[in-house]
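Chain by chain, the residues:
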Amino acid sequence: MTKSSSDRGLTTGQLEAIDKPITTGEVKQVSVGGSAKAWYIPAGKIKRSLNDIFGVAGWDFELFECATIWTDEIKKKTKTNVGCTARARGRLTIRDRSGAVLCLKDDVGHGFAEVGIGKPPPMEGAEKGAASDCLKRCAHKVGTRFGLSLYDEDDQWGIEAHKRAQDRDDGADLDKAKSALVRFVSTKRREFGHEPRK
């Protein structure tokens, strides 16, 4: 199996860490409208994983744009709030120990904040949320450790099983979830030609 150009410069340990499945405790849910929910890894955990795998000086994140794109009153049954949506565009850069660039990952993120009338404007919260979302979306392109599997519809049941196993302490469900994640990682390694550096 040939090694992809994006893997050159990464150590065996780094490649293994990138492909390590995410654990139940690292994943949270957020409502995306109605009864629909989406899985995500908090930005703080993403940053810690980047530090652990590449080193504090081995990565950086640059924002090209972060601005409010919508703001308006949101009328509730008993009150009126102010809502705000922001968009951010940024780039995650990964470097080796010598400082040479290994890969660049660009993406966009969005953030939303809502506050009551008379309270500090929600723009700051929305823009912070957009910047964090942008970082997470850039990082997920690096590999499983950063949430790549959360964007794969075929892997969602595996994550669900992890949650069910945690709630019920069901070993059988947990084993199924682990097997699903292992299969997913193996598939992605074949698709992208990953091969640990000797």
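The paragraphs below set out a description of the structure included in this document. Just so it is clear, the structure is predicted and the values come from calculations on it, not from any experiment. (Residues numbered from 1 in each chain as written. Predicted model: local features only at pLDDT ≥ 70, side-chain atom pairs only at ≥ 80, totals over all residues. Heavy atoms only, no water.)

1. What to know about the pattern of salt bridges
- Tallied over the full model, the rule gives 10 salt bridges.
- With a shortest N-O distance of 3.7 Å, E65 and R87 are connected by a salt bridge. Here the residue E65 occupies a position in strand β3 (residues 59-75), and R87 occupies one in strand β4 (residues 80-95), the gap between them amounting to 22 residues.
- Here the residues in one salt-bridge network are E65, R87 and R89, joined through shared partners. (Salt bridge = Lys/Arg side-chain N within 4 Å of Asp/Glu carboxyl O. Helix = DSSP H or I, 4+ residues; strand = E, 2+ residues; numbered from the N terminus.)

2. What to know about helix α2 (residues 43-54)
- Over its 12 residues, α2 runs 16 Å from end to end, which matches the ideal 16 Å to within 8%, given 1.5 Å per residue.
- For α2, every residue scored as buried is listed here: A43, I46, S49, L50, I53 and F54. Along the long axis of α2, the arc covered by the buried residues comes to 120 degrees, so they all point the same way.
- Buried residues belonging to α2 abut α1 (12-18), β3, β4 and α3 (123-140). (Expected span 1.5 Å × (residues − 1). Buried < 20%, exposed > 50% of the residue type's maximum accessible area, 1.4 Å probe, protein only. Arc of directions from axis to C-beta. Contact = heavy atoms within 4.5 Å.)

3. A look at the sheet that holds β4
- Overall, antiparallel pairing links the 3 strands, which are arranged β3-β4-β5 in an open sheet. The sheet terminates laterally at β3 and β5 (101-116), the two strands that pair on one side only. Going from strand to strand, the sheet's axes swing by 10 degrees on average, the running direction of each strand aside.
- As paired elements, β4 and β5 share 15 bridges and run antiparallel to each other. Along β5, the bridge assignment pairs T93 with L104.
- The strands touched by α3 within the sheet are β3, β4 and β5, with β5 carrying the most contacts at an inclination of about 150 degrees. (Pairing = 2+ DSSP bridges. Axes fitted to C-alpha atoms, helices over the stretch in contact; angles between N-to-C directions.)

4. Description of a nonpolar patch on the surface
- Taken together, the side chains of I69, W70 and F112 present a nonpolar region at the surface, about 300 Å² in accessible area.
- Position of W70 among the secondary structure elements: in strand β3. (Patch = residues over 30% accessible without salt bridge, like charges linked within 9 Å, V, L, I, M, F, W, Y side chains within 5 Å. Areas by Shrake-Rupley, 256 points an atom, 1.4 Å probe, with all protein chains shown as cover.)

5. Considering the pairing of β3
- Summarising the sheet, β3 and β4 pair through 15 bridges and their orientation is antiparallel. Within β4, the residue paired with T71 across the bridge is C84.
- The turn joining β3 and β4, which pair antiparallel and follow one another in sequence, is formed by 4 residues.

6. Describing the packing of aromatic side chains
- Inspection of the entire model under this criterion finds 1 aromatic pair.
- Here F54 and F146 contribute two aromatic rings whose centre-to-centre distance is 6.4 Å and whose plane-to-plane angle is 15 degrees, an arrangement assigned as stacked. Here F146 lies in the loop between α3 and α4 (156-168) and F54 lies in helix α2, a separation of 92 residues in the sequence. The pair F54 / F146 is uniform in exposure class, with both members buried. (Phe/Tyr/Trp six-rings, centres within 6.5 Å; stacked < 30°, edge-to-face > 60°.)

7. Comments concerning the environment of K20
- In this structure, K20 sits in the loop between α1 and β1 (28-31).
- With 126 residues separating them in the primary sequence, K20 and F146 have C-alpha atoms 9.3 Å apart.
- Contacts of K20, omitting those with residues within four sequence positions, involve T144 and R145.

8. Focus: the nonpolar core
- Formed by 29 residues in total, the largest nonpolar core has its most connected members in I46, L50, F54, L92, I94 and F146.
- Looking at this core, the elements that each hand over two or more residues are α1, α2, β4, β5 and α3.
- It is α3 that provides the largest number of residues to this core, a total of 6 residues.
- Those residues within four positions of I46 in sequence are excluded, and the remaining contacts are I41, L135, K136, A139 and F146. (Core = buried A, V, L, I, M, F, W, Y, C linked by side-chain atoms within 4.5 Å.)

9. Things to note about the side chain of T93
- Here T93 shows up in strand β4.
- Setting aside residues up to four positions removed in sequence, T93 forms contacts with G58, W59, D60, V101, C103 and L104.

10. Some thoughts on the environment of V82
- With respect to the helices, strands and loops of the structure, V82 is situated in strand β4.
- Measuring from C-alpha to C-alpha, the distance between V82 and P121 comes to 7.8 Å, with 39 residues separating the pair along the chain.
- Filtering out sequence-adjacent residues up to four positions away, V82 remains in contact with T71, D72, E73, A113, E114, V115, I117 and P122.

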